[in-house]
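# Architecture and fold: a report
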Amino acid sequence: MEYTNLNIRTSKETKAAAEKIFDELGINTSTAFNIFLKAVIRENGLPFDMRVESPNAETIAAIEEGRKIAHDPNVKGYTSIEELRAALGL
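From a predicted model like this one, the values you see are computed outputs, not experimental measurements.

## Focus on the overall build of the chain
Scanning the chain from N- to C-terminus turns up four helices and zero strands. The N-to-C order of helical and strand elements in the chain reads α-α-α-α. Taking 12 Å as the expected radius of gyration for a compact globule of 90 residues, we find that the chain reaches 25 Å, considerably beyond that expectation. Its C-alpha atoms give the chain principal-axis dimensions of roughly 75 × 30 × 25 Å. Across the 90 residues in the chain, those meeting the buried criterion constitute 3%. With an accessible surface of roughly 8700 Å², the chain has 55% of that area assigned to carbon and sulfur atoms. Taking the 11 positively charged and 14 negatively charged side chains of the chain as two groups, their mean positions are separated by 5 Å.

## As for the confidence of the model for the chain
Counting all residues, the mean pLDDT for the chain is 93, and 100% of those residues have values of 70 or more. Within the chain, the lowest mean pLDDT, 92, falls on helix 4 (residues 81–88), and the highest, 97, falls on helix 2 (residues 29–43).

## So, helix 1 (residues 12–25)
Between its first and last C-alpha atoms helix 1 spans 20 Å; for 14 residues at 1.5 Å apiece the expected length is 20 Å, and the two agree. Just past helix 1, the residue glycine 26 takes up positive phi, approximately 80°.

## Let's talk about the layout of surface pockets
The space that makes up the largest pocket amounts to roughly 650 Å³. Looking at the largest pocket, it is lined by 21 residues, and the ones nearest its centre are Leu6, Ser30, Phe33, Asn34 and Leu37. Listed by contribution, the elements that provide at least two residues to the lining of the largest pocket are helix 1 and helix 2. Its residues assigned to classes, the lining of the largest pocket shows nine nonpolar, seven polar and five charged.

## Details of the pattern of salt bridges
Summed over all chains, the structure comprises six salt bridges. When the shortest N-O distance is used, the salt bridge between aspartate 49 and arginine 51 registers 2.9 Å. Its relative accessible area of 57% is what places arginine 51 among the exposed residues. One salt bridge connects glutamate 83 with lysine 76, and the closest N-O pair in it is separated by 3.1 Å. By relative accessible area, glutamate 83 is classed as partly exposed at 28%.

## Some words on the environment of phenylalanine 33
Along the chain, phenylalanine 33 falls in helix 2. Overall, the relative accessible area of 30% leaves phenylalanine 33 in the partly exposed class. Expressed as a C-alpha distance, the spacing of phenylalanine 33 and leucine 6, which sit 27 residues apart in the sequence, is 9.5 Å.

## Observations regarding a nonpolar patch on the surface
Side chains of Tyr78, Ile81, Leu84, Leu88 and Leu90 sit close together on the surface and give an oily, nonpolar patch of about 510 Å² of accessible area. If you trace the backbone, isoleucine 81 turns up in helix 4.

How each quantity is defined
- Residues numbered from 1 in each chain as written.
- Predicted model: local features only at pLDDT ≥ 70, side-chain atom pairs only at ≥ 80, totals over all residues.
- Heavy atoms only, no water.
- Helix = DSSP H or I, 4+ residues; strand = E, 2+ residues; numbered from the N terminus.
- Rg over C-alpha atoms; globule rule 2.2 N^0.38 Å.
- Buried < 20%, exposed > 50% of the residue type's maximum accessible area, 1.4 Å probe, protein only.
- Areas by Shrake-Rupley, 256 points an atom, 1.4 Å probe, with all protein chains shown as cover.
- Lys, Arg positive; Asp, Glu negative; His and termini not counted.
- Charge placed at Lys NZ, Arg CZ, Asp CG, Glu CD.
- pLDDT = per-residue confidence, 0-100.
- Expected span 1.5 Å × (residues − 1).
- 1 Å grid on protein atoms, 1.4 Å probe; cavity = no way out; pocket = protein on both sides within 12 Å on 5 of 7 lines; lining within 4 Å.
- Points joined across faces, edges and corners; volume = space filled by probe spheres on them.
- Nonpolar A, V, L, I, M, F, W, Y, C, P; charged D, E, K, R; others polar.
- Salt bridge = Lys/Arg side-chain N within 4 Å of Asp/Glu carboxyl O.
- Patch = residues over 30% accessible without salt bridge, like charges linked within 9 Å, V, L, I, M, F, W, Y side chains within 5 Å.

See the structure below:
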């Protein structure tokens, strides 16, 4: 089997954090990347889900309600946690 080099760029912090985990697993970075690449081949794609999380209708409605409340001058606001607790009777 012929081998080749693979160069990647990442932050020092990411590399160090990953190497710490690889060390705990008893493997080095090269082995970890080979495992990843073989999983990509096996799955014929990334071996994990990649998606943009979208809020559901209930969450979207809650966000909109919060925005309306935040901009409604008739809604009572509080300047401290103590003032809010007093209003709640706590």
